[in-house]
Amino acid sequence: MKSHAKELVYSMLLASATALSAQTSITTSDVTTQSSREAELRSLRQQLKVISDRLEQLEAENHPTTASSTSVVSATIPVTPPSAAPETASVTAADLPNLSFFRGTTLSFGVDGYYGYNFNAPVGRVNLLRAYDVTSNSFNLNQVNLVVEHLPIPESRLGGRIDLQFGQATETLQGSSANEQRPQVWRNLFQGYGSYLAPIGTGLQLDFGKFASSLGNEGNYSKDQILYSRAYSFNYLPFYHMGMRASYTFNPKLTFTYWLVNGANGTEDFNGFKSQGFLFTLHPASSLTWNVNYYFGQEARDVLPTTNASTSTVPMQPGLPTENISPAPNGREHIFDTYASWRATPKLTLIGEADYVLNRTVQEQKPGHVVIGSLTAKYALPHAWNLGARTEYFDDRGGLFSGTTQALKEATVSLDHTFAPGFLARAEYRRDWSNQRYFLSDTEGSLLQAQTTATLGLMYWWGTKQGSW
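**Topic: the overall build of the protein**
- A tally of regular secondary structure across the protein gives seven helices and 18 strands.
- Burial analysis of the protein (469 residues in total) assigns 39% to the buried set.
- Considering only intrachain contacts with a sequence separation of at least 6, the fraction spanning at least 24 residues in the protein is 59%.
- Here the protein displays about 25200 Å² of accessible surface, and carbon together with sulfur accounts for 62% of that area.

What follows is the structure, given as structure tokens:
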């Protein structure tokens, strides 16, 4: 296109020069006029040369391989080509490992709060037998979470996960001195483990650190549950373990996981016995997942808590006990846990769970038993609404859970709505009852056989982790 413009300008200027020349030859009698027109002709020729050089410069910049004759002009009159794109930082080979790391790493945040009301108006506004929604007639921040995860894959075999947790739930999960020797050290670390995907068969994943328990169908994060309040079984079964975990997928229908851990809900061991877990995850059909788990260990202390550290004359490590319990407890705890999730229709999901727990503090004593059965359902309604329901029976023989031998029952219904991606509101109504007078009333010392609560939970989460946490 520039070449056509050049020819057009040449033609126009040449025509003008020819006309002036002709006019000069006709009027040669007038010397003054002739001289003036000759000067004008020289000026036009100079302008023609400038325009010609300019056009050649533009052509050279557009076609640099054919522009050796215009290099001087290009050096003296720099022009930025209109089509030149802005400069961008180039990616070097040294940058690829960093980019690959961030591509496989997720960073997520969560906020979980609620308002609950107990119709018993209990003394101290306390909801008994609840894992998280433990207070009544109060706005509460249940959890604030930060989750960083890097999943190991065959191309990058190292990984890990860190879950930091703040809020009311930390007191239930890991703030108790009954199961932690130094709870203040671990209080805000819900999970923290490193992973390695060993190149064995389909890949053997090895984890070391503190990880959430897989016993029971419910988990820590409210956004991933059907109901807001947790079942009795969640409150009773272990929340987390510290130790080694190995997982291997034999085929799409079977995954096996083995644990070797300090115990249940104990980051630092307080009896020296290493507990074990054998977990099977089966997928008999695309709509059905079935978990079969067996866990056993010794959960009683063999050392006294450090209550008199300031007066002890024995050398001590701050916070760690140095006084044994004699005779040392030698009883075992056995947990048989199974649950199945069935997607009966595209809208209806059913979850059934059954648990049997046997526990002795010492081998000679009669064991305590716990028998649990529950059924949970979720039905998807139009426009991002969901209806949930759960019924549960908990036979607490020997008071392993509640401290009282009793038969507990609960029935819960909920309705939730996702207002925007990452924002969920859930309204819940729940009734707990027992065959014993156990629940608090508005009168100190007076117990009731039931409690009824209404709860509104608000859950917010954002970040790069998709699906369940």
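Now that the structure has been shown, we can carry on.
**Some thoughts on the packing of aromatic side chains**
- In this structure the tally under the stated criterion is 24 aromatic pairs.
- Ring centres of Y232 and F394 lie 6.1 Å apart, and the angle between their planes is 85°; on these two criteria the pair is classed as edge-to-face. Remark: F394 occurs in strand β13 (residues 385–397) and Y232 occurs in helix α7 (residues 232–236); sequence separation between them is 162 residues. Summarising the burial analysis for this pair, Y232 and F394 share the class buried.
- Taken together, a centroid distance of 5.5 Å and an interplanar angle of 90° make the contact between Y438 and F439 edge-to-face.

**Focus on unusual backbone geometry**
- Its identity is not glycine, yet R125 carries a phi of approximately 55°, on the positive side.
- In this fold, R125 is placed in the loop between β1 (105–118) and β2 (138–150).
- Accessibility expressed as a relative area gives 49% for R125, which makes it partly exposed.
- One non-glycine residue, H383, lies in positive phi territory at about 60°.
- Secondary-structure assignment places H383 in the loop between β12 (368–381) and β13.

**Thoughts on the side chain of T349**
- Relative to the assigned elements, T349 resides in strand β11 (residues 348–359).
- When residues no more than four places from it in sequence are discounted, the contact partners of T349 are S341, W342, R343, T376, A377 and K378.

**With respect to the pairing of strand β3 (residues 158–166)**
- As paired elements, β2 and β3 share seven bridges and run antiparallel to each other. The partner of V148 across the bridge, within β3, is I162.
- Pairing between β3 and strand β4 (residues 189–198): seven bridges, direction antiparallel. Each bridged residue has a counterpart across the sheet, and for R161 the counterpart in β4 is Y193.

**Details of the pairing of β1**
- Here 12 bridges tie β1 to β2, and the two strands are oriented antiparallel to one another. Note on β2: the bridge partner recorded for Y115 is F139.
- One ladder, built from 11 bridges, connects β1 with strand β18 (residues 450–463); its direction is antiparallel. Bridge pairing in β18 links Y114 to G457.

**What about the environment of L204?**
- Note that L204 resides in strand β5 (residues 204–212).
- Relative accessible area serves as the criterion here: at 21%, L204 is assigned to the partly exposed category.
- In the structure, L204 is positioned 42 residues away from A246 in sequence and 6.9 Å away in space, judged by C-alpha atoms.
- Discounting residues that sit within four places of it in the chain, L204 has contacts with Y196, L197, A198, A246, S247 and Y248.

**Observations regarding the side chain of D355**
- Tracing the backbone through its elements, the reader meets D355 in strand β11.
- As a buried residue without a salt bridge, D355 has its nearest oppositely charged side chain in R390, at a separation of 11 Å.

**Quick word on the pattern of salt bridges**
- According to the stated counting rule, one finds 15 salt bridges in the structure shown.
- The partner of D163 in a salt bridge is R161, with the nearest N and O atoms 2.7 Å apart.
- In this structure D163 comes out as buried when scored by relative accessible area, which is 0%.
- Residue D416 is joined to R426 by a salt bridge in which the shortest nitrogen-to-oxygen separation is 3.3 Å. A residue pair is termed long-range when its members are at least 10 positions apart, and D416 in strand β14 (residues 406–420) and R426 in strand β15 (residues 423–434) qualify at 10 residues. One exposure class covers both D416 and R426, and it is buried.
- Taken together, the salt bridges that share partners define one network made up of R130, D133, E218, R390, E410, R430 and D432.

**A look at the nonpolar core**
- Judged by nonpolar contacts, the single largest core of 22 residues is most densely connected at L129, Y236, W259, Y295, F394, F401 and L408.
- Contributions of two or more residues to this core are made by α7, β7 (254–261) and β12.
- The contacts of L408, once residues within four sequence positions are left out, are L129, Y232, E392, Y393, F394, F401, W433, S434 and F439.
- By size, the runner-up hydrophobic cluster in this structure holds 12 residues, among which are Y132, Y221, Y240 and W469.

**A few points about the environment of I325**
- Within the element layout of this structure, I325 appears in the loop between β9 (288–297) and β10 (333–343).
- A relative accessible area of 26% places I325 in the partly exposed class.
- Along the chain, I325 and V303 lie 22 residues apart, while their C-alpha atoms are 5.1 Å from each other.
- Other than its neighbours up to four places away in sequence, I325 contacts R301, D302, V303 and L304.

**A short note on the environment of N179**
- Residue position: N179 is located in the loop between α5 (169–174) and α6 (183–186).
- In sequence terms N179 and T267 are 88 residues apart; their C-alpha atoms lie 8.5 Å from each other.
- Once residues lying within four places of it in the same chain are set aside, the contact partners of N179 are L173, Y240, N265, G266 and F270.

The rules we used
Residues numbered from 1 in each chain as written. Predicted model: local features only at pLDDT ≥ 70, side-chain atom pairs only at ≥ 80, totals over all residues. Heavy atoms only, no water. Helix = DSSP H or I, 4+ residues; strand = E, 2+ residues; numbered from the N terminus. Buried < 20%, exposed > 50% of the residue type's maximum accessible area, 1.4 Å probe, protein only. Contact = heavy atoms within 4.5 Å. Areas by Shrake-Rupley, 256 points an atom, 1.4 Å probe, with all protein chains shown as cover. Phe/Tyr/Trp six-rings, centres within 6.5 Å; stacked < 30°, edge-to-face > 60°. Pairing = 2+ DSSP bridges. Lys, Arg positive; Asp, Glu negative; His and termini not counted. Salt bridge = Lys/Arg side-chain N within 4 Å of Asp/Glu carboxyl O. Core = buried A, V, L, I, M, F, W, Y, C linked by side-chain atoms within 4.5 Å.

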